[in-house]
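# Chains, contacts and geometry: an overview
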Amino acid sequence: MLETTNKCGVRCYWMLEGRIVISPDGQVMPCCFFENQIYKDMKSVEGHPTYLHYDIPMAENKMIVDYIEHKDELNIHNRPLKEILEHSWFQRLYESWDDFDTIDPLCIRMCSRDNDNLEEEINDTISKKRFFKFRS
């Protein structure tokens, strides 16, 4: 089981693996959960409704709203990766894991220590992707 060192009990599997997501349009995000939610919300703002199984209304997710406001600064086509990863948005996200009043709902829903089956599901998914990668 992955350990946590923050007060809210978030185990960020992507961070622990040293991974990030860079979308095809250059947006840099901490994980696929944020990438999917941000993409959905940006499309909804543009008038193209989308749906996610872990859909969280934008009004309830300050980090997503804040990301969209800073999306140009968090884009690899506009800034170096090192500068993006040091951006205040990423710092606020990580700091939110120590405060139940500011923690992001996606982090709670997808990566909290209360989700005991998540680590097993992620490992199973990774194993399946490796299997299919080698088989195809």
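This text follows the structure it describes.
Source: prediction; values computed, not measured.

### A closer look at the layout of surface pockets
- A volume near 200 Å³ is recorded for the second largest pocket.
- Along the walls of the second largest pocket sit 12 residues, with Lys62, Met63, Ser96, Thr102 and Ile103 positioned nearest its centre.
- Elements that contribute at least two residues to the lining of the second largest pocket include exactly α3 (62-69) and α5 (88-96).
- Tallying contributions element by element places α3 first for the lining of the second largest pocket, with three residues.
- Grouping the amino acids of the lining of the second largest pocket by side-chain chemistry returns three nonpolar, three polar and six charged.

### Overview of empty space enclosed by the protein
- Under the criterion given, the structure shown has one cavity of 30 Å³ or more.
- As a volume, the largest cavity reaches approximately 80 Å³.
- If you go around the largest cavity, the residues you meet are Val10, Cys12, Pro30, Cys31, Phe33, Phe34, Leu93, Trp97, Leu106, Cys107, Met110 and Cys111.
- Only α2 (32-45) and α6 (105-111) provide two or more residues apiece to the lining of the largest cavity.
- Here the lining of the largest cavity gets four residues from one element, more than from any other, and that element is α6.
- Counted by class, the lining of the largest cavity contains 12 nonpolar, no polar and no charged residues.

### Focus: the nonpolar core
- Val10, Phe34, Trp89, Leu93, Trp97 and Cys107 are the most contacted members of the largest nonpolar core, which totals 25 residues.
- Listing elements by their share of this core, those giving two or more residues are β2 (28-29), α2, α3, α5 and α6.
- For Cys107, the residues in contact, after removing those within four places along its chain, are Val10, Phe34, Leu93, Trp97 and Ser112.

Calculation rules
- Residues numbered from 1 in each chain as written.
- Predicted model: local features only at pLDDT ≥ 70, side-chain atom pairs only at ≥ 80, totals over all residues.
- Heavy atoms only, no water.
- 1 Å grid on protein atoms, 1.4 Å probe; cavity = no way out; pocket = protein on both sides within 12 Å on 5 of 7 lines; lining within 4 Å.
- Points joined across faces, edges and corners; volume = space filled by probe spheres on them.
- Helix = DSSP H or I, 4+ residues; strand = E, 2+ residues; numbered from the N terminus.
- Nonpolar A, V, L, I, M, F, W, Y, C, P; charged D, E, K, R; others polar.
- Core = buried A, V, L, I, M, F, W, Y, C linked by side-chain atoms within 4.5 Å.
- Buried < 20%, exposed > 50% of the residue type's maximum accessible area, 1.4 Å probe, protein only.
- Contact = heavy atoms within 4.5 Å.

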